[in-house]
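Observations on the three-dimensional arrangement
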Amino acid sequence: MSVAADYAQVNARVRPELKRSGEAALANAGYTPTKAIRLLYAFASEHASSPQAIADYLEGAGAAMGRRDVPTDAQAEKLEALSAADALVQGFLGKYAAGVRDSAADGPAEVDYREQELVDRYGEEWWRA
């Protein structure tokens, strides 16, 4: 059996500048992105019986960077309004524009990237407000 068959691949989307700066910082600390991800997964696996420990660890890392992955109330309200508007548009397209590609049909990955798409479209200032 090949070495490659012994591993699974992990894919993540990050902004190019974050990827560059993150990889440079990891290299400076003596880590590869792969090793850093393996350490994160190992931590999660070791604490599988304590989801709160994992959340605390990740939230602590985010707080240390001055960031939170959990939307603020204002951000959640914006997401809810945009999701409702998207549902209306998709309903309209489904009823009146047969044959038009439905982005929601792409599956859950499309929904997973909604926040990033909104930031890309409207900018950080809009999202942070």
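Just so you know, these numbers come straight off a predicted model, no measurement behind them.

Within the protein one finds 7 helices and 0 strands. Ordered by position from N to C terminus, the α and β elements of the protein give α-α-α-α-α-α-α. Burial analysis of the protein (129 residues in total) assigns 8% to the buried set. Sequence separation of 24 or more characterises 50% of the internal contacts of the protein that already satisfy a separation of 6 or more. When the accessible area of the protein is evaluated, it comes to approximately 10300 Å², of which 58% is carbon and sulfur surface.

The next point concerns the pattern of salt bridges. A pair can form between side chains of opposite charge whenever their charged atoms are brought close. Applying the stated criterion across every chain, the model contains 2 salt bridges. For the salt bridge of Glu 17 with Arg 15, the shortest nitrogen-to-oxygen distance reads 4.0 Å. A salt bridge links Glu 23 to Lys 19; its shortest N-O distance comes to 3.0 Å. Of this pair, Glu 23 and Lys 19 both sit in helix H1 (residues 16-28), 4 residues apart, which is roughly one turn of that helix. On the basis of relative accessible area, Glu 23 is assigned to the partly exposed category, the value being 32%.

Turning next to a nonpolar patch on the surface. A cluster of nonpolar side chains, namely Val 10, Ile 37, Leu 40, Tyr 41, Tyr 57 and Leu 58, defines an oily patch on the protein surface of about 540 Å² accessible area. Where the nonpolar patch is concerned, the elements lending two or more residues are helix H2 (33-46) and helix H3 (51-64). Here the nonpolar patch takes 3 residues from H2, the largest share from any one element. Of note, Leu 58 is situated in helix H3. The exposure class assigned to Leu 58 is partly exposed, which follows from its relative accessible area of 43%.

Glancing now at helix H4 (residues 73-96). In this model H4 runs 34 Å from its N-terminal to its C-terminal C-alpha over 24 residues, within 8% of the 34 Å that 1.5 Å per residue would give. Every buried residue of H4 is accounted for by Gln 75, Leu 79 and Gln 90.

The subject of this paragraph is the confidence of the model for the protein. Of all residues in the protein, 64% attain a pLDDT of 70 or more, and the chain-wide mean is 75. Mean pLDDT per element in the protein: helix H5 (residues 108-112) is the minimum at 50, and H2 is the maximum at 92.

What counts and what doesn't
Residues numbered from 1 in each chain as written. Predicted model: local features only at pLDDT ≥ 70, side-chain atom pairs only at ≥ 80, totals over all residues. Heavy atoms only, no water. Helix = DSSP H or I, 4+ residues; strand = E, 2+ residues; numbered from the N terminus. Buried < 20%, exposed > 50% of the residue type's maximum accessible area, 1.4 Å probe, protein only. Contact = heavy atoms within 4.5 Å. Areas by Shrake-Rupley, 256 points an atom, 1.4 Å probe, with all protein chains shown as cover. Salt bridge = Lys/Arg side-chain N within 4 Å of Asp/Glu carboxyl O. Patch = residues over 30% accessible without salt bridge, like charges linked within 9 Å, V, L, I, M, F, W, Y side chains within 5 Å. Expected span 1.5 Å × (residues − 1). pLDDT = per-residue confidence, 0-100.

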